[in-house]
Amino acid sequence: MALDATSLEALQARVVELESRSAIRDLVSDYCHGFDKRDFDRFLSIWWEDCIWNIGPPFGRFEGHRGITEAVRSVLWPAWRESHHLTTNLKIDFSDADNARSVCDVDCVGTLTDDPAAQIVGATYRDHMQARDGRWRILQRDVTIHYFNPLGGTTLSPPQNTS
Amino acid sequence: MALDATSLEALQARVVELESRSAIRDLVSDYCHGFDKRDFDRFLSIWWEDCIWNIGPPFGRFEGHRGITEAVRSVLWPAWRESHHLTTNLKIDFSDADNARSVCDVDCVGTLTDDPAAQIVGATYRDHMQARDGRWRILQRDVTIHYFNPLGGTTLSPPQNTS
Amino acid sequence: MALDATSLEALQARVVELESRSAIRDLVSDYCHGFDKRDFDRFLSIWWEDCIWNIGPPFGRFEGHRGITEAVRSVLWPAWRESHHLTTNLKIDFSDADNARSVCDVDCVGTLTDDPAAQIVGATYRDHMQARDGRWRILQRDVTIHYFNPLGGTTLSPPQNTS
């Protein structure tokens, strides 16, 4: 039996959604890789130019690539000596083919510049992801920080090469 | 060359499996979002009515939506002041198109109602996921808790808005 | 309208890439399940025979299935009483259909054999994943350990069955 184009197009739309899920997941991962490994180009590439990054206290709310640049270079990287974000529980709900609301949770371990104690931060990210011309980026990320505390009696350091 | 329906159907079956993997991953995420953010409808929606939730000590074994409701509302939410589950390492093995065994690991940070110290819990979830009429839910979840301990000298609190 | 084989083949290639992403994600998960649950067959099955596992200090560099076997059985399992790896932030970039570079981050909580204190380890894995005859395995994994420290005042133990 010969097929008509409709069957293939229906299947293609399902493949596009799976690819969109993968692309959105990559944005969530590159947020961590870009920020923690201090790869600014990677970090900036996940945001639309007209984005909003609403971190809330103690850091603030930032708009556009200019705001992202200021937040990272002037506020956050100077505040952290090192940081390690682990994102999980990503759940994506599509509003339409080019817009998705997603939520994920993050656990961050790190050390601030002005305090030798290790810190733990737990937060939830709620995102508006948007595709333009087939490319997904973050349009808005709202951060809810659940806790941000020193990890009693713990400091972070890499293993020593004893050779 | 015209195609026959067989080629498209074979490809369609592969797309269905990828979609099933995505749906199962969503269940694992919504377990955390529903429980930690105290969204009971979200939490209940991941379980089949005839489910088993076998947490083991110190919490117990619960059956059906009635058991889930009792466990969450009468045992677990009262026990935890706050909890933050992070699930990772999800591995799914399909028994057939409508049944899968999956395993994932979880790290939970939280505070109990009757103890100000932060707690850390590490566990493994082993699940029987089942699709009925194309919809995936959890039929059985077995929990193995590896550790459940106070995090020495640490308490959890959100950052203060100093503005 | 009848379809030609080209349209279906193009879609098939996109499905293959999504399946490859799923298979690579499974390798990353089975590394943790195999190692932490001491399932050696599962752990070995993720590596190509001519693999390289470059852990760096304090553990070293291991080659081939012989090296993996030595590392796990003679070095790592004896060193750890228990370990719990949580991998996140997996980002996969394909060089071609059969080769991918991936990066992920890991948080490990565990206890060493010769020290009762809980340890936390944060690291990044950079991998060369390779498919041979349609099967994906790890060809090379380079580990960068960011921190490896005792978790002050914390020890790990499972809950007691008080029944």
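Each value, and the rule that gives it
- Position labels on residues start from 1 in each chain and follow its written sequence.
- Chains carry letters from A onward and ligands carry numbers from 1 onward, assigned in written order.
- pLDDT decides what is reported in this predicted model: residues at 70 or higher carry local features, side-chain atom pairs at 80 or more are listed and counted, and totals for whole chains, interfaces and linings draw on all residues regardless.
- For side-chain calculations, the full set of non-hydrogen atoms in the structure is used, while hydrogens and water are omitted.
- A least-squares fit on C-alpha atoms brings the copies together, and the residues used are those whose pLDDT is at least 70 in both copies.
- Contacts were defined at the residue level, with two residues in contact if any of their heavy atoms lie within 4.5 Å.
- Accessible area that two parts lose when put together, with a 1.4 Å probe and added across both, is what the buried area reports.
- By salt bridge we mean one thing: a side-chain nitrogen of Lys or Arg within 4 Å of a carboxyl oxygen of Asp or Glu.
- Counted as a polar contact is a pair of N or O atoms within 3.5 Å, where, for protein atoms, one must be capable of donating a hydrogen and the other of accepting one, and residues adjacent in sequence contribute only when both atoms are in side chains.
- Secondary structure follows DSSP: runs of H or I at least 4 residues long count as helices, runs of E at least 2 residues long count as strands, and numbering of each begins at the N terminus.
- Three classes are used: nonpolar for Ala, Val, Leu, Ile, Met, Phe, Trp, Tyr, Cys and Pro, charged for Asp, Glu, Lys and Arg, and polar for all others, with Gly counted as polar.
- Working definition: a ring pair exists when centres of Phe, Tyr or Trp rings (six-membered ring for Trp) sit within 6.5 Å. Plane angles under 30 degrees give stacked, over 60 give edge-to-face, the rest tilted.
- Burial classes: relative accessible area under 20% of the type maximum marks a residue as buried, over 50% as exposed, and values in between as partly exposed (1.4 Å probe, protein chains only).
- Criterion for a charge above a ring: Arg CZ or Lys NZ at most 6 Å from the ring centre, at most 35 degrees from the ring normal.
- We define a nonpolar core as any set of buried Ala, Val, Leu, Ile, Met, Phe, Trp, Tyr and Cys residues linked to one another through side-chain atoms lying within 4.5 Å.
- For every residue, the predictor assigns a confidence score, pLDDT, that lies between 0 and 100.
- In this description, strands pair whenever DSSP reports at least two bridges between them.
- Lines are fitted to the C-alpha atoms to define the axes, a helix being fitted only along its stretch in contact, and any angle between axes, read from their N-to-C directions, falls within 0 to 180 degrees.
- Definitions for this section: a left-handed crossing has its near helix turned counterclockwise from the far helix by less than a right angle. A right-handed crossing has that turn clockwise.
- One less than the residue count of a helix, multiplied by 1.5 Å, gives the span that helix is expected to have.
- Lys and Arg are tallied as positive, Asp and Glu as negative. Neither His nor the chain termini are counted.
- The bend reported for a residue corresponds to the angle between axes fitted to the seven residues ending at that residue and the seven starting there.

Right, let's get into the relation of the copies chain A and chain B. Between chain A and chain B, the superposition needs a rotation of 120° and an axial shift of 0.0 Å, giving an RMSD of 0.0 Å. Interpreted geometrically, this transformation is the action of a three-fold axis.

This part covers the interface of chain C and chain B. In this assembly, 38 residues from chain C lie in contact with 33 residues from chain B. Contact between chain C and chain B buries roughly 2,800 Å² in total, counting both sides, with carbon and sulfur atoms accounting for 61%. If you sort the residues of chain C by the area they bury against chain B, Leu8, Leu86 and Pro159 of chain C come out on top, with a joint share of 19%. For the interface between chain C and chain B, the tally reads three salt bridges. Salt-bridge contacts for Asp105 of chain B lead to Lys37 of chain C; the nearest nitrogen and oxygen are separated by 2.9 Å. In this assembly, chain C and chain B are joined by 13 residue pairs in polar contact (both at pLDDT 80 or more). Listed by contribution, the elements that provide at least two residues to the side of chain C that touches chain B are α1 (5-36), β3 (80-96) and β4 (99-112) of chain C.

Once that is clear, we can look at the interface of chain A and chain B. The interface is formed by 33 residues belonging to chain A together with 39 residues belonging to chain B. Regarding the contact of chain A and chain B, the summed buried area is about 2,800 Å², with carbon and sulfur atoms giving 61% of it. Summed over the shared surface of chain A and chain B, the number is three salt bridges. For the pair chain A and chain B, the interface holds 13 residue pairs in polar contact (both at pLDDT 80 or more). Put simply, the parts of the chain that give the side of chain A that touches chain B at least two residues each are α1 (5-36), β3 (80-96), β4 (99-112), β5 (118-132) and β6 (135-150) of chain A. When residues of the side of chain A that touches chain B are assigned to their parent elements, the largest contribution, eight residues, is made by α1 of chain A. Residue classes in the side of chain A that touches chain B are distributed as 19 nonpolar, seven polar and seven charged.

Moving on to the packing of aromatic side chains. Geometrically, a pair of aromatic rings is defined through the distance of the ring centres and the angle of the planes. According to the stated counting rule, one finds 40 aromatic pairs over all chains in the structure shown. Plain terms: the ring middles of Phe43 of chain C and Trp47 of chain C are 6.1 Å apart, the flat faces sit at 55° to each other, and that makes the pair tilted. Of the residues examined, Phe43 of chain C reaches a relative accessible area of 0% and is grouped as buried. Among the aromatic side chains, those forming a connected cluster through ring pairs are Tyr31, Phe35, Phe40, Phe43, Trp47, Trp53, Phe62, Trp77 and Tyr125 of chain A. Taking the ring centre of Tyr31 of chain A as reference, the NZ or CZ of Arg141 of chain A above it sits at 4.2 Å.

All names here are of chain A. Within the largest apolar cluster, 39 residues are counted, with the highest numbers of intra-cluster contacts made by Tyr31, Phe43, Trp47, Trp53, Ile68, Val72 and Met129. Of all elements in the fold, only α1, α2 (40-44), β1 (47-56), α3 (64-79), β3, β4, β5 and β6 reach the threshold of two or more residues within this core. Per element, the largest residue contribution to this core is six residues, and it comes from α1. If we skip the residues at most four places from it in the chain, Tyr31 touches Phe43, Ile46, Trp47, Trp53, Tyr125 and Arg141.

It is worth spelling out the confidence of the model for chain A at this point. Per-residue pLDDT for chain A averages 94, and the proportion of residues at 70 or more is 96%. If you check the scores for this complex, the pTM reads 0.95 and the ipTM reads 0.94.

Another point: the environment of Arg66 of chain A. Following the sequence through the fold, Arg66 of chain A ends up in helix α3. It is 19 Å that separates the C-alpha atoms of Arg66 of chain A and His128 of chain A, two residues lying 62 residues apart in sequence.

The strands that make up a sheet pair up through hydrogen bonds in the backbone, lying either parallel or antiparallel. Taken in spatial order, the six strands of this open sheet run β2-β1-β6-β5-β4-β3 (chain B), and their pairing is mixed. The open sheet has two free edges, formed respectively by β2 (60-63) and β3 (80-96) of chain B, since each of these has just one partner strand. The sheet shows a mean angle of 15° between the axes of neighbouring strands, taken without regard to direction. With 13 bridges joining them, β3 of chain B and strand β4 (residues 99-112) of chain B adopt antiparallel strand pairing. Counted as the bridge partner of His85 of chain B is Cys108 of chain B from β4 of chain B. On the sheet, helix α1 (residues 5-36) of chain B packs against β1 (47-56), β3, β4, β5 (118-132) and β6 (135-150) of chain B and is oriented at approximately 165° with respect to β3 of chain B. Sheet contacts for α1 of chain C: β3 and β4 of chain B; angle to β3 of chain B, the most-contacted strand, approximately 115°.

Between α1 of chain B and α1 of chain C, whose axes approach to 11 Å, the crossing angle comes to 35°. In the packing of α1 of chain B onto α1 of chain C, the handedness of the crossing is left-handed. Residues Ser7, Leu8, Leu11, Arg14, Val15, Leu18, Arg21 and Arg25 of chain B of α1 of chain B form the contact with α1 of chain C, whose participating residues are Leu8, Leu11, Gln12, Val15, Val16, Leu18, Glu19, Ser22, Arg25 and Asp26 of chain C. Counted by class, the contact of α1 of chain B with α1 of chain C contains nine nonpolar, three polar and six charged residues.

The subject of this paragraph is α1 of chain C. Counted at 1.5 Å a residue, the expected span for α1 of chain C with its 32 residues is 46 Å, and the 46 Å between its end C-alpha atoms agrees. One or two steps after α1 of chain C, the chain reaches Arg38 of chain C, where phi turns positive at roughly 55°.

Quick look at the pairing of β1 of chain A now. All names here are of chain A. With seven of 10 residues buried, β1 is to be regarded as a mostly interior element. For β1 and strand β2 (residues 60-63), the ladder comprises four bridges, and the chain directions are antiparallel. From the neighbouring strand, Asn54 faces β2, where its bridge partner is Arg61. Between β1 and β2, which pair antiparallel and follow one another directly, the connecting turn spans three residues.

On to the side chain of Arg137 of chain B, then. Along the chain, Arg137 of chain B falls in strand β6. The buried charged residue Arg137 of chain B lacks any salt bridge partner; its closest oppositely charged side chain belongs to Glu49 of chain B, at an N-O distance of 7.6 Å.

Turning next to helix α3 (residues 64-79) of chain B. The α-helix advances 3.6 residues per turn, and as a result positions three or four apart in sequence lie on the same side. All names here are of chain B. Taking 1.5 Å per residue as the helical rise, α3 with its 16 residues ought to reach 22 Å, and the 21 Å between its terminal C-alpha atoms agrees with that figure. The largest bend in α3 amounts to roughly 35° and is located at Val72. The set of residues buried in α3 consists of Gly64, His65, Gly67, Ile68, Ala71, Val72, Leu76 and Trp77. In this structure, the buried side of α3 is in contact with α1, α2 (40-44), β1, β2 and β3.

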